[in-house]
Amino acid sequence: MPGPPETNGGPRCAPCAGIPHDFHCTRCNVEGEFYRRGICARCALRDDLNDLLLTDPADPGTAGKIVDVLCKADRPESIITWKRSPTVQALLSSLSSGKIPLTHEGLDAQAETAEREANHLRALFVHHGLLPHHDLHLARFESWIKDKLRPLPEEVAKPVGHFATWHHLRRIRSLTTPEKSARGPVHSAKQEITETIKFLDWLWQTHQRTAATCIQQDIESWLATGPTTRKAIRTFIVFINNTGTNHQVEMGHYTAKNRPTITQDQRLAWLRELLTGTSESLPYRVAGILLLLYAQPLVRVAKLRVDAIETNENSANMRITFGTHPVPVPQPFAGLLQEHLRSRPNLRTGSDTESPSLFPGTRAGQPLHPNGLMDRLRSLGIELRGARNSALDEHLTLSPPPLVADALGYSHQVAFLHADNAWSRYVNLRTKP
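A few points on the structure. Here the structure is a predicted model, which is why all the values come from computation and not from measurement.

**Overview of helix 15 (residues 333–342)**
One turn of the α-helix equals 3.6 residues, which is why residues spaced by three or four share an orientation. The buried count for helix 15 comes to seven of ten residues, which makes it a mostly enclosed element. All buried positions along helix 15 are accounted for by Phe-333, Ala-334, Leu-336, Leu-337, Gln-338, His-340 and Leu-341.

**A word on the nonpolar core**
With 49 residues, the main nonpolar core has Leu-290, Tyr-294, Phe-333 and Leu-408 as its most contacted residues. Ranked by residue count, the leading element in this core is helix 13 (residues 282–294), at ten residues. Setting aside its immediate chain neighbours within four residues, Tyr-294 contacts Ile-289, Ile-320, Phe-322, Val-327, Pro-328, Val-329, Pro-330, Phe-333, His-395 and Leu-408. Grouped together as the second largest cluster of nonpolar side chains are 31 residues, Trp-144, Ala-164, Cys-214 and Ile-240 included.

**Thoughts on the pattern of salt bridges**
In total, this model carries 15 salt bridges according to the counting rule given. For the salt bridge of Arg-140 with Glu-115, the shortest nitrogen-to-oxygen distance reads 3.7 Å. A residue pair is termed long-range when its members are at least 10 positions apart, and Arg-140 in helix 7 (residues 136–149) and Glu-115 in helix 6 (residues 111–127) qualify at 25 residues. Among the ionic pairs, Glu-280 bridges to Arg-376, the shortest N-O distance being 2.7 Å. With Glu-280 in the loop between helix 12 (264–276) and helix 13 and Arg-376 in helix 16 (residues 370–380), this residue pair connects regions lying 96 residues apart in the sequence. Among the charged side chains, a network of salt bridges with common partners joins Arg-36, Asp-48 and Lys-83.

**As for the side chain of Asn-246**
Within the secondary structure layout, Asn-246 lies in the loop between helix 11 (234–242) and helix 12. Take Asn-246: its relative accessible area is 2%, and that puts it in the buried class. One polar contact links the side chain of Asn-246 to the main-chain carbonyl oxygen of Ala-211, over a distance of 2.9 Å. A polar atom in the side chain of Asn-246 sits 3.3 Å from the backbone oxygen of Ala-212. Those residues in contact with Asn-246 that sit more than four places away from it in its chain are Ala-211, Ala-212, Thr-213, Cys-214, Ile-240 and Asn-241.

**Considerations on the sheet that holds strand 2 (residues 319–321)**
In space, the three strands of this open sheet follow the order 1-2-3, with antiparallel pairing throughout. On the outer flanks of this sheet lie strand 1 (309–310) and strand 3 (326–328), each paired with one strand and no other.

**So, empty space enclosed by the protein**
Throughout the structure, instances matching the rule amount to one cavity of 30 Å³ or more. Counted as a void, the largest cavity has a volume near 30 Å³. Around the largest cavity, the lining residues are His-137, Ser-181, Arg-183, Lys-303, Gln-366 and Pro-367. Of the residues in the lining of the largest cavity, the class split is one nonpolar, three polar and two charged.

What counts, and where the lines are drawn
Residues numbered from 1 in each chain as written. Predicted model: local features only at pLDDT ≥ 70, side-chain atom pairs only at ≥ 80, totals over all residues. Heavy atoms only, no water. Buried < 20%, exposed > 50% of the residue type's maximum accessible area, 1.4 Å probe, protein only. Helix = DSSP H or I, 4+ residues; strand = E, 2+ residues; numbered from the N terminus. Core = buried A, V, L, I, M, F, W, Y, C linked by side-chain atoms within 4.5 Å. Contact = heavy atoms within 4.5 Å. Salt bridge = Lys/Arg side-chain N within 4 Å of Asp/Glu carboxyl O. Polar contact = N/O pair within 3.5 Å; in protein donor to acceptor, adjacent residues only side chain to side chain. Pairing = 2+ DSSP bridges. 1 Å grid on protein atoms, 1.4 Å probe; cavity = no way out; pocket = protein on both sides within 12 Å on 5 of 7 lines; lining within 4 Å. Points joined across faces, edges and corners; volume = space filled by probe spheres on them. Nonpolar A, V, L, I, M, F, W, Y, C, P; charged D, E, K, R; others polar.

Pasting the structure below:
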């Protein structure tokens, strides 16, 4: 609105502010700042896109849908700036002319020349229903597997390819949905496949043995002479047992030698700082409180959706769902979370204001990357694993493990494991002089 804000902070139109000038767009009649010759930025964007996409389209209907999707941005000025890039203009022109088919495969083919721009368009098209759901992490993982296997000798490539395809790819495809990204499972799978390649390559180069002829001593020697990341081969060892490739070897679960924690005083001090301080912006403060209060890993925090929160106008009786049932959100965090819901960032680019994510990212329909949350909170000095372990320990000293697991979204096995550690630490503290 062109007028100065009211005393309560709300916008004012020109007549209410006593401004005699007419700021209504001469085309759509929306009041706002003129962008070009008496029209608003949205109408100017539509003119530019019509000239670019609708001059001689292969499919006028499809080209018109692309124009409509790009014009839905809450801040059309951002799309005007973005489309000034020659790469973007060439990409849009090729989509309009049919040179690039409007499919995921067509956008994938632009990886060498316009990967970032193509992925931004892909996110917009998926978000607005112009393309079906497509998990970019899963697609990249499939290409990553092929690139990994290509230079390997057959003795290594064959069992790794079997493991990657029939264990990881099949499992991740079954888990991935529009609401559940493949990012986390793909990251874990890459670690396991990479370590498996290292092990099998060492096995072949050193002993001329393969996955089928490997012996128990090979595994013990490999684990004893390297870093703890080598434990990631356990899934492969279980896989070759289950598939009948090799029944002579086995490998137990890895138990960490240390388990970081922070003190309860440190945890409460960080909660106080994030609730009342100004050390970070609101979204990162909310994410940090979810970690410190509910023991939520930041990978899971980043994927939270707005519909996980049940609220009313005054934040009373607010609840949030992590597991099988919603749990209460106490004050003053409920008020802070309500404020975040009203002012979520990254809603004014190409995704409009309908993002389902509690922490929207810069790409349409996608949440913030968890690494961004981790880096910002680590920069404050929060020990992330220690904070999560201490928060979970505190819940487990007050409630039975199954109840905590169901409420916070953990498995019962993990909850009982943490409960044992929590009570051991509690007993040690009580028995010290």
